[in-house]
Structures are given as C-alpha cells and as structure tokens.
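As a plain string of letters, each chain reads:
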Amino acid sequence: MGLFERFHRKEMPQEEFDDFVKEDRQIKPEELRQNKKKKLSLQQQKALQWLDEEKNFFITGGAGCGKSYIVKEIAQRKAAHLLNGVTIHAFVGIETGVKNLDYYKRHLHPDIKKTWLETDVLIIDEISMINAQTFDLLHLIAREMKQCYDELFGGMQVIACGDLFQLPPVKGEFVFKSKIWQQYMTQVLVLIECFRQKEDAQFFEALNEIGFGKVSKQTIEYFMSRSFEKDENNNIKHTRLFKKKMEVDIYNDKKMNDIKDEGHWFYAKDVIKNPNIQCSFQIPAAVYLKIGAIVMLVRNINVVEGMCNGTIDTVILIENNAVWVSMNKKEVKIECVKEEILDCSHAVVGSRFGLPLKLAFSFTVHKAQGSTMNKAVVQFNSKAFINSLYYVSLSRVCNINDIFIIINNKLELRKIFTSITVDSDVVEFYKKYYN
C-alpha cells in the first residue's frame, strides 16, 4: 500500500455536490475584474491587507489561482519564515513521530528555542499535508516558548496556505479538524481567479470537476482525447510525473543512460556555521549531467530574461564549472551560484555554492504540486495513485493539449475518472466560504 493510501476518503451525495458546484463554486464576474496595471488581483491585495492588520488567516483556492505567488509576496514583505509541509519538522525542532509537549520542553535545542522566540510571522505552505495533531502540537510548543498562553502560536501571526482538495496528510485528520484551528484560523481567503488555465476555460472547468470528485461524461471524453495506450511520446522531451520517488529515479537513470555522451559531475561546496539547525538547500549537493539532459533551474538567476526557479531547459554544452542550456530559443550559460540559509535574526547559518540545476526528466506529483509546467506526461498505470493525485498532476499545465496521459488500458482510465471522489468533510469546510 502506498504512503497516501492510508487516508480514507468519503463520497458526498450527488445532490450536495450539485448544489456546491452550481451555487458555491460559481465565479462572480465582478470579482474577476482587476486593474491590469497591478500585479496582484483584488483578492491577493486583500491578503496583504490582512497581513498588515496582523490577522491570522488561511489562503486557499484551486490549482493555478496564485496561492504560491501571494505567499512569496508576503514572505518578501515581512521577511517571514516560509515553511513547507516537508521541512516544518526540521525547522521547529519536532520529530515526525508522536511526541508530547513535555518531551519537547525537555529536548528542544537552545537554537531552536531561539527560532521560536524570534519568529513573529509564520507562513505554513501546503497546509493540506499537515494534520490536526501536528498543528495543535506546534501551537502548544510555541505558546510555551513565548510564555503567552491566550493567543495562537504564542502571539505569532500565522498564515496558512494550500488547497485541501489536493494532497492530504499522510495520516491523521485534516488540519481544519483541529480545535486550535477552529478557534483562531477564522479568516479564510478563497482565491477564485484562475491564472494558470486562464486561456483555456474548458480545461479549467474540467479540472474543477476532477478536483470536486464528480466527473461528467463530457469531461471524461475530454480527457480521453489526451490519453495514449503506448508511450508515443518517448522522443518528446516533456517532464513526467510519477507517484513514487523510486519510479522517478528509475526513469531519470534510463533517460540518462539513453544519452551516449560522457557525463560530468558537479559537486557543491557547503559551509555550515550552525550545525544545530538543519539546512535544506534548493541547490543539489551533486548533479550528474550530459549534453541532451533535461534540467530545471532551482534558483532565480535572471527573472527578466525568464531564468527563474522552475524553468525547464535542455543541456547543450558542458564546461568545467558551468552548463549551457537552450532556454526560450536562446543559449544561456548557467554558472555556480551561492545559496544562503538565514536564521530568525537574518544571520547566515549555512551556505552552499553549486550549480542551480537538477534533472527534470521526471518528478513525483508531490514535488510538482504548486508548480506550472509547459508540458507534462502523466503515468496513470500506477495503482498507487489516489484521487487527489489525479487532480494535482493534470492541473500542472496551462492547456489541455499540454498534458499527455499514458495508460495501457483506456477502459481502465474511464473507470478511474468515474471512481474519483472527494472527502465530504473538505466540501463542507469550503461551503462556508464560497458565496
């Protein structure tokens, strides 16, 4: 059984779903109007207003509605710590196993306590993957560290972000089941304007049906047009999405072995000033590249020129300390850069100097969540897929023609789309905020 299969999902009645989609999920035209001169939508500006008002709030919405963009904007404006669901344990000094408050009061390292004390604004991204128990524990630790017992997280401003229709917690209940969440996280901002699929309204609506767990016959046929029983895209250099990391590693190794040219290792150099704080770098410690390899930038190099985090390119030349890639029909040189990890006082606790590239023949769906891809090939043959993974994987691209579904049995694909459901508790949670 796959890691995420242990989460039980309940199907909601058809009548409730129809009411939810027609009445609560309807996008109001007046809400879509915005000043084109402004970078942020009206809803995104509302988030900044709540930030300035020091409110605790939850930013949510479907895939491609600008959640990641506004979170980065908030982090830049407040120099906040941006926590992702996979690194939050390391950042605040808790283990993934079940431990109680007394244990952490005795065992938290002084540097971790200092982190708690000096953090004023805490952003938790991909909140859907954090369960209620973990959220409660973080609250208990924070208030104990700050000796403030009548405010959320001991007086921190907490901003959560994520889509509860996407990846669920590995185990435990959704975060909104937490009594602490219910008491303090009462401000919810639902982003409804689609940025990723704004040029393909039919695709956007079809994805909504997948996300809500009730897929019409028309939508099934719509996606069937992008399915391939045989891997007809073997020579097309599109990134592939798999469920398991093992599948990713196997595919990346295969594609690298298919390239007959000699490869070159690039090793990063680390300087860790505070070994008690775990440093999680975007730049890989080592990467093996060949001419023809598909790679992705993991750091912003030149945003104006399109050289930004997440850009996928093809290696065309390798030098001793640099790589040339074909990017936006241009030949671009990617050199080693420095990445720094800061603590709450903005002091450097660790740095890495290395090549800001990693292989991008394939990713896990989990790694792809939150990103936009030019093209994507999805392997639906894996039995490890669960309902939310279909939505996440299909919604990474901007246009229906940018997705390629590989499955060796089209009848099985129809069954998959027909059987997709969504957790009724999640729907009930959202019904309070769509109007």
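Residues numbered from 1 in each chain as written. Predicted model: local features only at pLDDT ≥ 70, side-chain atom pairs only at ≥ 80, totals over all residues. Heavy atoms only, no water.

- With an unreviewed UniProt entry as reference, the chain is termed ATP-dependent DNA helicase, source organism Hydra vulgaris.
- Comment text from UniProt for the chain, heading Cofactor (unreviewed entry), reads "Mg(2+)".
- The record held by UniProt for the chain lists under Catalytic activity (unreviewed entry) the comment "ATP + H2O = ADP + phosphate + H(+)". (UniProt positions renumbered as here; feature names shortened; annotations may be inferred.)

## Quick notes on the overall build of the chain
Item 1. Helices and strands together make up the secondary structure of the chain, namely 16 helices and 20 strands.
Item 2. Residue burial in the chain is summarised as follows: out of 435 residues, 52% are buried.
Item 3. Expressed as a percentage of contacts within the chain between residues at least 6 apart in sequence, the contacts between residues at least 24 apart total 73%.
Item 4. Surface summary for the chain: the accessible area is close to 21,500 Å², and the carbon and sulfur share equals 48%. (Helix = DSSP H or I, 4+ residues; strand = E, 2+ residues; numbered from the N terminus. Buried < 20%, exposed > 50% of the residue type's maximum accessible area, 1.4 Å probe, protein only. Contact = heavy atoms within 4.5 Å. Areas by Shrake-Rupley, 256 points an atom, 1.4 Å probe, with all protein chains shown as cover.)

## Thoughts on the pattern of salt bridges
Item 1. Tallied over the entire structure, the rule returns 12 salt bridges.
Item 2. A salt bridge links Asp270 to Arg352; its shortest N-O distance comes to 2.7 Å. Of this pair, Asp270 sits in strand S9 (residues 269-272) while Arg352 sits in strand S16 (residues 348-354), and the two are 82 residues apart along the sequence.
Item 3. Residue classification places Asp270 among the partly exposed residues on the basis of a relative accessible area of 39%.
Item 4. The class for Arg352 is buried, based on a relative accessible area of 10%.
Item 5. Taken together, the shared-partner salt bridges connect Glu319, Lys333 and Glu335 into one network. (Salt bridge = Lys/Arg side-chain N within 4 Å of Asp/Glu carboxyl O.)

## Observations regarding the environment of Ile403
Item 1. One can find Ile403 in strand S20 (residues 403-406).
Item 2. The exposure class of Ile403 is buried, given its relative accessible area of 0%.
Item 3. Distance in space between the C-alpha atoms of Ile403 and His238 is 9.4 Å, their sequence separation being 165 residues.
Item 4. Other than its neighbours up to four places away in sequence, Ile403 contacts Arg226, Ala376, Val378, Ser393, Leu394 and Val397.

## Some thoughts on the side chain of Arg240
Item 1. Relative to the assigned elements, Arg240 resides in strand S7 (residues 239-242).
Item 2. Within the structure, Arg240 has its side chain in polar contact with the side chain of Tyr251 (distance 2.6 Å). (Polar contact = N/O pair within 3.5 Å; in protein donor to acceptor, adjacent residues only side chain to side chain.)

## Observations regarding the sheet that holds strand S12 (residues 312-318)
Item 1. Within the open sheet, the five strands sit side by side as S14-S13-S12-S11-S17. Their pairing is antiparallel. On the outer flanks of this sheet lie strand S14 (330-335) and strand S17 (357-359), each paired with one strand and no other. Strand-to-strand twist in this sheet, taken as the mean axis angle between neighbours without regard to direction, amounts to 45 degrees.
Item 2. Both strand S13 (residues 322-327) and S14 contribute to a ladder of six bridges, which runs antiparallel. Directly across from Trp324, in S14, lies its bridge partner Lys333. (Pairing = 2+ DSSP bridges. Axes fitted to C-alpha atoms, helices over the stretch in contact; angles between N-to-C directions.)

## Some points on a nonpolar patch on the surface
Item 1. Residues Ile291, Ile316 and Leu317 make up a contiguous nonpolar surface patch of roughly 210 Å² in combined accessible area.
Item 2. Position of Ile316 among the secondary structure elements: in strand S12.
Item 3. Here Ile316 falls in the partly exposed class, since its relative accessible area comes to 32%. (Patch = residues over 30% accessible without salt bridge, like charges linked within 9 Å, V, L, I, M, F, W, Y side chains within 5 Å.)

## Thoughts on the packing of helix H10 (residues 201-212) against helix H11 (residues 217-224)
Item 1. For the pair H10 and H11, interaxial distance at closest approach is 10 Å and the crossing angle is 115 degrees. The pairing of H10 with H11 is recorded here as roughly perpendicular in orientation. Between H10 and H11 lies a crossing of left-handed hand. Contacts between H10 and H11 involve Gln202, Phe203, Ala206, Leu207, Glu209 and Ile210 from the former and Thr219, Tyr222 and Phe223 from the latter.
Item 2. Tallied by class, the residues present in the contact of H10 with H11 amount to six nonpolar, two polar and one charged. (Parallel < 35°, antiparallel > 145°, perpendicular 65-115°, else oblique. Left-handed = near helix turned anticlockwise from the far one by under 90°. Nonpolar A, V, L, I, M, F, W, Y, C, P; charged D, E, K, R; others polar.)

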